[in-house]
Amino acid sequence: MKFGLSRLLINENPLLVLPSLAGSIGLNEAIVLQQIHFWISKERHLKDGKYWVYNTYDGWVKQFPFWSKSTVIRIINRLEKDGLITVDNFNKMKADQTKWYTINYNKLEEINDRLVKMSSPCSQNDNI
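Quick summary incoming for the structure in this document. All values derive from a computational prediction rather than experimental measurement. (Residues numbered from 1 in each chain as written. Predicted model: local features only at pLDDT ≥ 70, side-chain atom pairs only at ≥ 80, totals over all residues. Heavy atoms only, no water.)

**Overview of unusual backbone geometry**
Our working definition: Only runs of H or I of at least four residues qualify as helices and only runs of E of at least two qualify as strands under DSSP, and these elements are numbered from the N terminus. Three exposure classes are used, based on accessible area relative to the maximum for each residue type with a 1.4 Å probe and protein chains only: buried under 20%, partly exposed in between, and exposed over 50%.
Look at E43: it is not a glycine, yet its phi comes out positive at around 50°. In this structure, D48 takes a positive phi of about 55° despite not being glycine. Along the chain, D48 falls in the loop between β1 (46-47) and β2 (50-51). Residue D48 is classed as exposed on the basis of its relative accessible area of 63%.

Below is the structure:
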């Protein structure tokens, strides 16, 4: 492997981490949520007026090889419980248990609004 003056240390697709989101919902959850957003942004699967991405837990583990399958399941369950993602099944064969995921962008906007308010200076100090 040859190391050069690249923006990346090694030739590999990076995962994006948004620091304020990670601070708000957790590092692991922010990584998975960003990855789901990445796949949704490809706009390939429109169902019920929303774009979706589908994957198996084993498929997610291939994207996050540093986590165990049980960790991936726990992260996805937490994102669903917190209302940040919706999980459904649009498979043609009901025996296919591959899950479909979309992001609740309204909930994400609420979190973003809260983060903006927390980072804004207090208005009582404006007149000092």
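This is not the end of the story, as more comes after the structure.
**A closer look at the environment of E43**
Assignment of secondary structure puts E43 in the loop between α2 (27-40) and β1. As a C-alpha pair, E43 and V53 span ten residues in sequence and 8.8 Å in three-dimensional space.

**Remarks on the environment of I31**
Quick reminder of the rule: We call two residues in contact when some of their heavy atoms are within 4.5 Å.
Along the chain, the position of I31 falls in helix α2. Under the relative-accessibility criterion, I31 is labelled buried at 10%. In sequence terms I31 and I75 are 44 residues apart; their C-alpha atoms lie 9.8 Å from each other. In contact with I31, other than residues within four places in its own chain, are L15, L16, V17, F64 and W67.

**Regarding the nonpolar core**
Basically, it comes down to this: We call a set of buried Ala, Val, Leu, Ile, Met, Phe, Trp, Tyr and Cys residues a nonpolar core when their side-chain atoms join them within 4.5 Å.
Within the largest apolar cluster, 25 residues are counted, with the highest numbers of intra-cluster contacts made by I36, I85 and Y101. Elements that contribute at least two residues to this core include exactly α1 (19-25), α2, α3 (57-63), α4 (69-81), β4 (85-88), β5 (99-103) and α5 (105-119). Looking at which element gives the most residues to this core, the answer is α2, with six residues.

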